[in-house]
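Observations on the model geometry
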Amino acid sequence: MFVFPEIEAAGAICHACTTRLGGVSEGPFATLNMGFHVGDDPWRVRENRGRALSAMGAPGGALVAGEQVHGDGVAVVGPGDCGREWSPHSPGVPGTDGLVTASRGVVLSCYVADCVPVLLAHRGGRAVGLVHAGWRGVALAIPAKAVTTLCRAFGLEPHDFLAGIGPSIGACCYEVGREVAEACQAAARSSSVARPAGSDRFRLDLKEACRRELENAGVLPGDIFVSTLCTSCRNDLFFSYRAARGLTGRMAALMFIPE
Ligand SMILES: [Zn+2]
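Description of the structure in this document. These numbers were taken from a predicted model, which means no experiment stands behind them.

Our next topic: the sheet that holds strand E3 (residues 74-76). In space, the six strands of this open sheet follow the order E3-E4-E7-E6-E8-E12, with mixed pairing throughout. In the strand order of this sheet, the two ends are held by E3 and strand E12 (224-226), each with one partner. The mean inter-strand angle of the sheet, taken between neighbouring strand axes irrespective of direction, is 15°. Of the pairings in the sheet, the one linking strand E8 (residues 161-165) to E12 comprises three bridges and is parallel in character. Pairing of Gly164 across the sheet is with Phe225, part of E12.

In the contact formed by helix H4 (residues 142-154) and helix H6 (residues 206-216), the axes pass within 7 Å of each other and the chain directions differ by 35°. At the point where H4 passes H6, the crossing takes the right-handed sense. The segment H4 lies against H6, with Pro143, Ala144 and Val147 engaging Cys210, Glu213, Leu214 and Asn216. Its residues assigned to classes, the contact of H4 with H6 comprises five nonpolar, one polar and one charged.

Taking 1.5 Å of rise per residue, the 15 residues of helix H2 (residues 42-56) would be expected to cover 21 Å, and the 21 Å separating its terminal C-alpha atoms lies within 8% of that figure. Taken together, the buried positions of H2 are Val45, Asn48, Arg49, Ala52 and Leu53. Summarising the axial view, the buried residues of H2 lie within an arc of 125°, below the 170-degree limit, and thus occupy one face. When the buried face of H2 is taken as reference, the exposed residues oriented beyond 90 degrees from it are Trp43 and Ser54. Among the structural elements, strand E5 (107-112) and strand E13 (251-256) are those in contact with the buried residues of H2.

Conventions used here
- Residues numbered from 1 in each chain as written.
- Predicted model: local features only at pLDDT ≥ 70, side-chain atom pairs only at ≥ 80, totals over all residues.
- Pairing = 2+ DSSP bridges.
- Helix = DSSP H or I, 4+ residues; strand = E, 2+ residues; numbered from the N terminus.
- Axes fitted to C-alpha atoms, helices over the stretch in contact; angles between N-to-C directions.
- Left-handed = near helix turned anticlockwise from the far one by under 90°.
- Contact = placed C-beta atoms within 7 Å.
- Nonpolar A, V, L, I, M, F, W, Y, C, P; charged D, E, K, R; others polar.
- Expected span 1.5 Å × (residues − 1).
- Buried ≥ 20, exposed ≤ 12 C-beta atoms within 10 Å, placed from the backbone.
- Arc of directions from axis to C-beta.

If you want it as C-alpha coordinates, here you go:
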(Lines give C-alpha, C1' and ligand atoms only; values in the text may rest on other atoms or scores of the structure.)
Protein backbone atom coordinates (compact mmCIF):
# COMPACT_ATOMS: atom_id res chain seq x y z
CA MET A 1 0.00 0.00 0.00
CA PHE A 2 1.07 3.54 -0.75
CA VAL A 3 1.11 6.12 2.06
CA PHE A 4 2.16 9.76 2.27
CA PRO A 5 5.04 9.85 4.79
CA GLU A 6 4.19 13.47 5.71
CA ILE A 7 0.58 12.61 6.61
CA GLU A 8 1.71 9.45 8.40
CA ALA A 9 4.24 11.49 10.39
CA ALA A 10 1.55 13.91 11.60
CA GLY A 11 0.18 10.87 13.40
CA ALA A 12 -3.47 11.88 13.69
CA ILE A 13 -5.09 10.17 10.69
CA CYS A 14 -4.87 6.66 9.23
CA HIS A 15 -4.73 6.52 5.44
CA ALA A 16 -3.58 4.38 2.53
CA CYS A 17 -3.86 4.09 -1.22
CA THR A 18 -3.91 0.45 -2.28
CA THR A 19 -1.89 -0.91 -5.20
CA ARG A 20 -2.82 -3.96 -7.29
CA LEU A 21 -0.54 -6.19 -5.20
CA GLY A 22 -1.40 -8.57 -2.37
CA GLY A 23 -4.93 -9.76 -3.24
CA VAL A 24 -6.73 -12.85 -4.51
CA SER A 25 -8.35 -11.64 -7.76
CA GLU A 26 -7.28 -13.07 -11.11
CA GLY A 27 -6.99 -12.13 -14.79
CA PRO A 28 -7.52 -8.41 -15.48
CA PHE A 29 -8.32 -7.91 -11.77
CA ALA A 30 -5.08 -9.43 -10.47
CA THR A 31 -4.67 -9.19 -7.68
CA LEU A 32 -5.96 -6.61 -5.18
CA ASN A 33 -9.10 -5.41 -6.96
CA MET A 34 -11.15 -3.30 -4.55
CA GLY A 35 -14.11 -2.57 -6.88
CA PHE A 36 -17.29 -4.65 -6.98
CA HIS A 37 -18.75 -3.15 -10.14
CA VAL A 38 -16.04 -4.19 -12.61
CA GLY A 39 -17.06 -7.84 -13.14
CA ASP A 40 -14.83 -9.53 -10.58
CA ASP A 41 -16.05 -12.29 -8.19
CA PRO A 42 -17.66 -10.51 -5.20
CA TRP A 43 -16.09 -12.87 -2.68
CA ARG A 44 -12.63 -12.04 -3.99
CA VAL A 45 -13.35 -8.30 -3.68
CA ARG A 46 -14.56 -8.86 -0.10
CA GLU A 47 -11.38 -10.75 0.72
CA ASN A 48 -9.24 -8.01 -0.88
CA ARG A 49 -11.03 -5.26 1.01
CA GLY A 50 -10.73 -7.22 4.25
CA ARG A 51 -6.97 -7.58 3.75
CA ALA A 52 -6.48 -3.86 3.06
CA LEU A 53 -8.63 -2.75 6.00
CA SER A 54 -6.99 -5.12 8.46
CA ALA A 55 -3.52 -4.04 7.28
CA MET A 56 -4.54 -0.49 8.26
CA GLY A 57 -6.11 -1.53 11.55
CA ALA A 58 -9.44 -0.16 10.30
CA PRO A 59 -12.65 -0.99 12.15
CA GLY A 60 -14.74 -3.67 10.37
CA GLY A 61 -18.09 -2.72 8.81
CA ALA A 62 -17.31 0.97 8.91
CA LEU A 63 -16.71 1.61 5.21
CA VAL A 64 -18.45 4.50 3.43
CA ALA A 65 -18.22 5.38 -0.26
CA GLY A 66 -19.81 7.87 -2.60
CA GLU A 67 -21.72 6.80 -5.69
CA GLN A 68 -18.91 8.34 -7.81
CA VAL A 69 -20.80 10.00 -10.63
CA HIS A 70 -17.97 12.34 -11.78
CA GLY A 71 -19.82 15.26 -10.26
CA ASP A 72 -18.93 17.74 -7.52
CA GLY A 73 -21.16 16.50 -4.72
CA VAL A 74 -19.46 16.46 -1.31
CA ALA A 75 -21.33 14.80 1.57
CA VAL A 76 -20.81 15.09 5.31
CA VAL A 77 -21.04 11.53 6.66
CA GLY A 78 -21.10 9.93 10.08
CA PRO A 79 -21.53 6.58 11.81
CA GLY A 80 -25.05 6.18 10.37
CA ASP A 81 -23.59 6.05 6.86
CA CYS A 82 -21.29 3.10 7.54
CA GLY A 83 -22.15 0.29 5.13
CA ARG A 84 -23.00 2.64 2.25
CA GLU A 85 -19.98 1.16 0.62
CA TRP A 86 -20.33 0.88 -3.15
CA SER A 87 -21.03 -2.84 -2.89
CA PRO A 88 -23.41 -5.00 -4.96
CA HIS A 89 -26.07 -4.12 -2.37
CA SER A 90 -25.38 -0.41 -1.93
CA PRO A 91 -24.46 2.24 -4.50
CA GLY A 92 -22.81 4.40 -1.85
CA VAL A 93 -23.95 7.89 -0.91
CA PRO A 94 -26.00 9.07 -3.94
CA GLY A 95 -24.65 11.74 -6.27
CA THR A 96 -21.43 12.04 -4.31
CA ASP A 97 -17.73 12.08 -5.28
CA GLY A 98 -16.40 13.64 -2.08
CA LEU A 99 -16.86 12.55 1.53
CA VAL A 100 -15.95 14.37 4.74
CA THR A 101 -16.33 13.35 8.36
CA ALA A 102 -15.33 14.35 11.87
CA SER A 103 -16.46 11.02 13.32
CA ARG A 104 -13.85 8.63 14.63
CA GLY A 105 -13.77 5.17 13.08
CA VAL A 106 -15.79 6.04 9.96
CA VAL A 107 -13.68 4.75 7.06
CA LEU A 108 -13.96 6.96 3.97
CA SER A 109 -13.22 5.17 0.71
CA CYS A 110 -12.97 5.96 -2.98
CA TYR A 111 -12.20 3.72 -5.93
CA VAL A 112 -9.92 4.66 -8.80
CA ALA A 113 -8.02 3.39 -11.83
CA ASP A 114 -6.39 6.55 -13.30
CA CYS A 115 -8.67 9.07 -11.57
CA VAL A 116 -7.10 11.05 -8.74
CA PRO A 117 -7.74 10.26 -5.09
CA VAL A 118 -7.37 13.48 -3.07
CA LEU A 119 -6.85 12.97 0.67
CA LEU A 120 -7.41 15.73 3.24
CA ALA A 121 -6.17 15.18 6.76
CA HIS A 122 -6.62 17.66 9.62
CA ARG A 123 -3.25 17.85 11.34
CA GLY A 124 -4.87 17.59 14.75
CA GLY A 125 -7.09 14.66 13.71
CA ARG A 126 -10.38 16.56 13.93
CA ALA A 127 -11.63 15.75 10.42
CA VAL A 128 -10.83 13.94 7.18
CA GLY A 129 -11.94 14.31 3.59
CA LEU A 130 -11.57 12.12 0.52
CA VAL A 131 -12.31 13.02 -3.08
CA HIS A 132 -12.57 11.07 -6.34
CA ALA A 133 -11.52 13.39 -9.16
CA GLY A 134 -11.35 12.58 -12.86
CA TRP A 135 -11.27 15.39 -15.42
CA ARG A 136 -14.95 16.15 -14.86
CA GLY A 137 -14.41 16.51 -11.11
CA VAL A 138 -11.36 18.69 -11.75
CA ALA A 139 -13.36 20.84 -14.17
CA LEU A 140 -15.90 21.30 -11.35
CA ALA A 141 -13.09 22.02 -8.82
CA ILE A 142 -14.27 19.31 -6.45
CA PRO A 143 -10.98 19.26 -4.46
CA ALA A 144 -11.59 22.92 -3.53
CA LYS A 145 -15.24 22.20 -2.69
CA ALA A 146 -14.19 19.44 -0.32
CA VAL A 147 -11.88 21.84 1.54
CA THR A 148 -14.67 24.40 1.81
CA THR A 149 -17.14 21.78 3.03
CA LEU A 150 -14.70 20.51 5.67
CA CYS A 151 -14.07 24.00 6.98
CA ARG A 152 -17.74 25.06 7.02
CA ALA A 153 -19.05 21.82 8.48
CA PHE A 154 -16.57 21.56 11.30
CA GLY A 155 -15.38 25.14 11.92
CA LEU A 156 -11.83 24.50 10.67
CA GLU A 157 -9.38 26.44 8.50
CA PRO A 158 -7.85 25.34 5.17
CA HIS A 159 -4.32 25.75 6.57
CA ASP A 160 -5.17 23.15 9.23
CA PHE A 161 -5.11 20.45 6.54
CA LEU A 162 -2.41 18.30 4.98
CA ALA A 163 -3.33 17.07 1.52
CA GLY A 164 -2.23 14.01 -0.44
CA ILE A 165 -2.73 13.60 -4.19
CA GLY A 166 -2.50 9.87 -4.74
CA PRO A 167 -1.17 7.65 -7.54
CA SER A 168 -3.17 8.37 -10.71
CA ILE A 169 -2.65 8.96 -14.41
CA GLY A 170 0.21 11.38 -15.17
CA ALA A 171 0.44 14.03 -17.88
CA CYS A 172 2.82 11.57 -19.60
CA CYS A 173 -0.14 9.32 -20.45
CA TYR A 174 -3.21 11.56 -20.45
CA GLU A 175 -4.02 13.19 -23.77
CA VAL A 176 -7.30 15.10 -24.08
CA GLY A 177 -9.10 17.44 -26.49
CA ARG A 178 -9.24 21.21 -26.31
CA GLU A 179 -12.57 21.46 -24.47
CA VAL A 180 -11.46 19.21 -21.64
CA ALA A 181 -8.09 20.97 -21.38
CA GLU A 182 -9.69 24.42 -21.27
CA ALA A 183 -12.32 23.41 -18.72
CA CYS A 184 -9.62 22.11 -16.37
CA GLN A 185 -7.35 25.14 -16.93
CA ALA A 186 -10.24 27.45 -16.05
CA ALA A 187 -11.22 25.52 -12.92
CA ALA A 188 -7.62 25.30 -11.70
CA ARG A 189 -6.95 28.94 -12.70
CA SER A 190 -3.72 27.84 -14.37
CA SER A 191 -2.83 27.34 -18.04
CA SER A 192 0.12 25.13 -17.09
CA VAL A 193 -2.11 22.19 -16.08
CA ALA A 194 -2.58 21.33 -19.77
CA ARG A 195 0.10 21.69 -22.46
CA PRO A 196 -0.31 21.46 -26.24
CA ALA A 197 0.51 18.05 -27.74
CA GLY A 198 -0.17 18.30 -31.46
CA SER A 199 -3.22 19.50 -33.36
CA ASP A 200 -5.92 20.37 -30.86
CA ARG A 201 -4.61 17.77 -28.42
CA PHE A 202 -3.30 18.51 -24.93
CA ARG A 203 -1.47 16.67 -22.20
CA LEU A 204 -3.52 17.17 -19.06
CA ASP A 205 -1.86 17.05 -15.65
CA LEU A 206 -4.78 16.13 -13.39
CA LYS A 207 -2.57 15.95 -10.30
CA GLU A 208 -1.23 19.47 -10.83
CA ALA A 209 -4.80 20.69 -11.44
CA CYS A 210 -5.90 19.14 -8.13
CA ARG A 211 -2.90 20.69 -6.39
CA ARG A 212 -3.78 24.12 -7.78
CA GLU A 213 -7.41 23.78 -6.73
CA LEU A 214 -6.42 22.86 -3.17
CA GLU A 215 -4.07 25.83 -3.10
CA ASN A 216 -6.84 28.09 -4.45
CA ALA A 217 -9.01 26.87 -1.57
CA GLY A 218 -6.39 27.91 0.97
CA VAL A 219 -4.39 24.77 1.68
CA LEU A 220 -0.74 25.80 2.10
CA PRO A 221 1.46 24.82 -0.88
CA GLY A 222 4.00 23.18 1.44
CA ASP A 223 1.28 20.98 2.91
CA ILE A 224 0.20 19.42 -0.40
CA PHE A 225 2.02 16.19 -1.25
CA VAL A 226 1.79 14.73 -4.75
CA SER A 227 2.56 11.15 -5.73
CA THR A 228 4.74 11.06 -8.85
CA LEU A 229 3.57 7.53 -9.68
CA CYS A 230 1.59 7.23 -12.92
CA THR A 231 -0.98 4.45 -12.92
CA SER A 232 -0.74 4.03 -16.69
CA CYS A 233 3.09 3.83 -16.78
CA ARG A 234 3.20 1.50 -13.78
CA ASN A 235 0.89 -1.39 -14.69
CA ASP A 236 3.07 -3.60 -12.51
CA LEU A 237 1.83 -1.66 -9.47
CA PHE A 238 -1.55 -0.20 -10.42
CA PHE A 239 -4.75 -0.76 -12.36
CA SER A 240 -5.15 1.70 -15.25
CA TYR A 241 -8.44 2.16 -17.08
CA ARG A 242 -6.69 3.75 -20.06
CA ALA A 243 -3.79 1.32 -20.28
CA ALA A 244 -6.15 -1.69 -20.00
CA ARG A 245 -8.70 -0.14 -22.39
CA GLY A 246 -11.45 -0.43 -19.80
CA LEU A 247 -11.36 -3.97 -18.41
CA THR A 248 -9.44 -3.72 -15.16
CA GLY A 249 -9.73 -3.53 -11.38
CA ARG A 250 -9.84 -0.58 -9.01
CA MET A 251 -7.51 0.64 -6.31
CA ALA A 252 -8.99 2.20 -3.17
CA ALA A 253 -8.01 5.21 -1.15
CA LEU A 254 -8.98 4.76 2.50
CA MET A 255 -8.95 7.22 5.40
CA PHE A 256 -10.21 7.36 8.94
CA ILE A 257 -9.72 9.10 12.26
CA PRO A 258 -8.61 6.37 14.66
CA GLU A 259 -10.64 5.73 17.84
ZN1 LIG B 1 2.38 7.75 -17.51
